[in-house]
Every structure is written in structure tokens, then in C-alpha cells.
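Chain and residue survey
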Amino acid sequence: MTVRYERTGPVAVVTIDRPERRNAIDRSPRGPVPAWKGFDADPEARVGILTGANGVFCAGADLVAFDLEETAEGWLGSAG
């Protein structure tokens, strides 16, 4: 999974780029959670925009990649 974090001035854009799965989210350590943690830690970022590459926003959770068991980090590894 590829997620890009780009900031221009106070605006940060998080782009999910996983075209083979229509930008579905998995538990990749390079997924959107680290990007949002980076946004939270960036004192210059004031606005965060989540988008998907290649004309597709996000198909949601990649159910094939998840075992669908709740973890301490939540269902998608994003709690906290």
C-alpha cells in the first residue's frame, strides 16, 4: 500500500494509491494511519484532506487482507 503525505502551506493532503484494490485500506505500516499521525505531529499543518489516486476515493477496508478480529489498535488499526 502506498500513501503519500504532501503539504503545501497549512494544507496537508493524504493520498491513498493502491489501484489494484481500488485504494482499499489494509494494515500496511505504510498505510494512512502513519500519515495521519504525521499530520497530528506537524505544527504547520492546519487542514487535512484525504483523497484517493486514479479517480477512486477508497473502496473501504480490504476484507481479504483483514482477519476481522478486533485488535488493541481497533478494527483497522487506527484507534487511538
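For the structure, see preceding data.
Residues numbered from 1 in each chain as written. Predicted model: local features only at pLDDT ≥ 70, side-chain atom pairs only at ≥ 80, totals over all residues. Heavy atoms only, no water.

Our focus in this paragraph is the packing of aromatic side chains. Throughout the structure, instances matching the rule amount to one aromatic pair. Summarising the aromatic geometry, the rings of W36 and F39 are spaced 5.5 Å apart at their centres and angled 85° between planes, so their arrangement reads as edge-to-face. Linking W36 with F39, this pair stays in helix α1 (residues 32-41), spanning three residues, or about one helical turn. Given the relative accessible area of 26%, W36 is considered partly exposed. (Phe/Tyr/Trp six-rings, centres within 6.5 Å; stacked < 30°, edge-to-face > 60°. Helix = DSSP H or I, 4+ residues; strand = E, 2+ residues; numbered from the N terminus. Buried < 20%, exposed > 50% of the residue type's maximum accessible area, 1.4 Å probe, protein only.)

Turning next to the nonpolar core. Ranked by size, the top nonpolar core spans six residues in total: M1, V3, V14, I16, I25 and A35. Apart from the residues within four sequence positions on either side, V3 is in contact with V14, T15, I16, R30, G31, P32 and A35. (Core = buried A, V, L, I, M, F, W, Y, C linked by side-chain atoms within 4.5 Å. Contact = heavy atoms within 4.5 Å.)

Here we come to the side chain of R18. Within the fold, R18 resides in the loop between β2 (11-17) and α1. Beyond its immediate sequence surroundings of up to four residues, R18 is in contact with M1, N23, A24, I25, D26 and D62.

This next bit is on the pattern of salt bridges. What the rule picks out here adds up to seven salt bridges. Residue D26 is joined to R18 by a salt bridge in which the shortest nitrogen-to-oxygen separation is 3.6 Å. Residues D26 and R18 agree in their burial class; the two are buried. Members of the salt-bridge network, linked through shared partners, are R18, E20, R21, D26 and D62. (Salt bridge = Lys/Arg side-chain N within 4 Å of Asp/Glu carboxyl O.)

Next up on the list: α1. Among the residues of α1, P32, A35 and F39 are the ones counted as buried. All buried residues of α1 lie within an arc of 60° about the axis, which places them on one face of the element. Away from its buried face by more than 90 degrees, α1 exposes K37, D40 and A41. (Arc of directions from axis to C-beta.)

In this sheet, β2 lies alongside strand β1 (residues 2-8) in antiparallel orientation, the contact comprising seven bridges. Within β2, the position partnered with E6 by the bridge is V13. Linkage of β1 to β2, two consecutive antiparallel strands, is achieved through a turn of two residues, within which G9 is found at a positive phi near 60°. (Pairing = 2+ DSSP bridges.)

Now for the sheet that holds β1. Read across the open sheet, the three strands follow the order β1-β2-β3; overall the sheet is mixed. One side of each edge strand has no neighbouring strand; the edge strands of this open sheet are β1 and β3 (47-52). Each strand of the sheet is rotated relative to its neighbour by a mean of 20°, with strand direction disregarded. (Axes fitted to C-alpha atoms, helices over the stretch in contact; angles between N-to-C directions.)

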